Amino acid sequence: MANSLDAVSDRDFVLETLSATAICAVHMSRFAEEIVIWTSPLVGLVKLSDKFTTGSSIMPQKRNPDAAELVRAKTGRVIGALTALLIVMKGLPLAYQKDMQEDKQGAMEAFEALSLAIRAMTGMVEDLVPDEAKMRAAAGEGYATATDLADWLVRTLKMPFRDAHHVTGRIVGLASKQGVALHELPLAAMQEVEPKITADALKVLSVESSVKSRTSFGGTAPKNVMAQAKAWAKRLEKERKLG
């Protein structure tokens, strides 16, 4: 370093490493929370095997996602290590102070916690079994493709979005009243709200059509997602070989 006082007076290299560790832990905690929600009986979008779940002490039929819950909890230790060192450093005068020896224990514990969480999360991802039928049904809940109808009205009928939003809201209201999905609502019912709507509008209203239509970079179209998956798999394999 160009300045010897600077060299001995800071612990930026530890703080920066702990910051990256904390950010990584927070992302995994959010993912773990998704797993906790997805595996709950109320949602049930995915299942974990007994490798990563345990039964309740009083309700043996339960499958508690313990690994995900612990990944979520370990994040507190990692964030705590970063916060603790920031507090140690905040009031120190220039040059070395004995306080700075406190940089080691918290950092080592944070790295250990993160390493364990990464292994647990990797194992859970490989172990997850999705319920495709339930996911497909959930994707269409809440009239998720209403925006596709509004987009169609703007794109095809050249309708101002303000008006398209209003028309779509009325059509969604009809579908809700009849208890059907948006793409299952009869064309005649839609035309009662907007006579210019044609049968072509129905083609964009299924979940499958909505997902496939997002073909721009970062979009949800299956070919986009597959390309991203392959790119990340290639990058991870390259980094694995580099050690």
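So, here's what we can say about the structure. What you are looking at is a predicted structure, and each value in this text was computed from that prediction instead of being measured.

## With respect to the overall build of the protein
Counting its secondary structure elements, the protein contains ten helices and two strands. Taken against the 2.2 N^0.38 rule, which gives 18 Å for 243 residues, the C-alpha radius of gyration of the protein at 26 Å runs more than 25% over that of a compact globule. Along the three orthogonal principal directions, the C-alpha set of the protein runs to about 80 × 55 × 40 Å. In the protein, which comprises 243 residues, the share counted as buried stands at 30%. Long-range contacts, defined here as pairs at least 24 residues apart, represent 60% of the contacts in the protein between residues at least 6 apart. Here the protein contributes 31 positive and 29 negative side-chain charges, whose respective centroids are spaced 5 Å apart.

## With respect to helix α4 (residues 103–127)
The end-to-end C-alpha distance of α4 is 36 Å, a good match for the 36 Å that 25 residues give at a rise of 1.5 Å each. Of the surrounding secondary structure, the elements contacted by the buried residues of α4 are α2 (12–39), β1 (46–47), α3 (66–90) and β2 (129–130).

## Re unusual backbone geometry
In the Ramachandran plot, Tyr143 falls in the positive-phi region, its phi being about 55° despite a non-glycine side chain. Its place among the elements puts Tyr143 in the loop between α5 (132–139) and α6 (146–157).

## Examining the environment of Thr156
Its place among the elements puts Thr156 in helix α6. Given a relative accessible area of 40%, Thr156 falls into the partly exposed group. Taking the C-alpha atoms as reference points, Thr156 and Ser209, 53 residues apart in sequence, are found 16 Å from one another.

## Focus: empty space enclosed by the protein
Here the structure, examined in full by the defined rule, presents one cavity of 30 Å³ or more. Reported here for the largest cavity is a volume of approximately 40 Å³. Along its surface, the largest cavity is lined by Ala25, Met28, Ser29, Val71, Lys74, Thr75, Val78, Ala113, Leu114 and Ala117. If you list the elements that add at least two residues to the lining of the largest cavity, you get α2, α3 and α4. Sort the elements by how many residues they give to the lining of the largest cavity and α3 lands first, with four residues. Of the residues belonging to the lining of the largest cavity, the class tally is seven nonpolar, two polar and one charged.

## Some words on the side chain of Ser9
Within the secondary structure, Ser9 is located in helix α1 (residues 4–9). From its side chain, Ser9 meets the backbone oxygen of Leu5 in a polar contact 2.8 Å long. Discounting residues that sit within four places of it in the chain, Ser9 has contacts with Met89, Leu94, Ala95, Tyr96 and Met100.

## Brief notes about the pattern of salt bridges
What the rule picks out here adds up to nine salt bridges. Between Lys104 and Asp103 there is a salt bridge; the shortest N-O distance is 3.1 Å. Overall, the relative accessible area of 48% leaves Lys104 in the partly exposed class. Residue Asp103 is classed as buried on the basis of its relative accessible area, which comes to 7%. A single salt-bridge network, built from bridges that share partners, covers Arg11, Asp103 and Lys104.

## Focus on the environment of Lys223
Along the chain, Lys223 turns up in helix α10 (residues 222–242). On the accessibility criterion, Lys223 (61% relative accessible area) is exposed. The spacing of Lys223 and Val172 is 51 residues in sequence and 30 Å in space, taken between C-alpha atoms.

## Considerations on helix α7 (residues 161–178)
Over its 18 residues, α7 runs 25 Å from end to end, which matches the ideal 26 Å to within 8%, given 1.5 Å per residue. Residues Ala164, Val167, Thr168, Ile171, Val172 and Ala175 constitute the buried set of α7. Angularly, the buried residues of α7 cover 140° about the axis, an arc narrow enough to put them on a single face. Structural note: α7 exposes Arg162, His165, His166 and Lys177 on the side pointing more than 90 degrees away from its buried face. On its buried face, α7 is in contact with α6 and α8 (187–193). One or two residues past the end of α7 sits Gly179, with phi positive at roughly 70°.

Rules used in this analysis
Residues numbered from 1 in each chain as written. Predicted model: local features only at pLDDT ≥ 70, side-chain atom pairs only at ≥ 80, totals over all residues. Heavy atoms only, no water. Helix = DSSP H or I, 4+ residues; strand = E, 2+ residues; numbered from the N terminus. Rg over C-alpha atoms; globule rule 2.2 N^0.38 Å. Buried < 20%, exposed > 50% of the residue type's maximum accessible area, 1.4 Å probe, protein only. Contact = heavy atoms within 4.5 Å. Lys, Arg positive; Asp, Glu negative; His and termini not counted. Charge placed at Lys NZ, Arg CZ, Asp CG, Glu CD. Expected span 1.5 Å × (residues − 1). 1 Å grid on protein atoms, 1.4 Å probe; cavity = no way out; pocket = protein on both sides within 12 Å on 5 of 7 lines; lining within 4 Å. Points joined across faces, edges and corners; volume = space filled by probe spheres on them. Nonpolar A, V, L, I, M, F, W, Y, C, P; charged D, E, K, R; others polar. Polar contact = N/O pair within 3.5 Å; in protein donor to acceptor, adjacent residues only side chain to side chain. Salt bridge = Lys/Arg side-chain N within 4 Å of Asp/Glu carboxyl O. Arc of directions from axis to C-beta.

In short, the description is geometric, and any link to function would need to be established separately.
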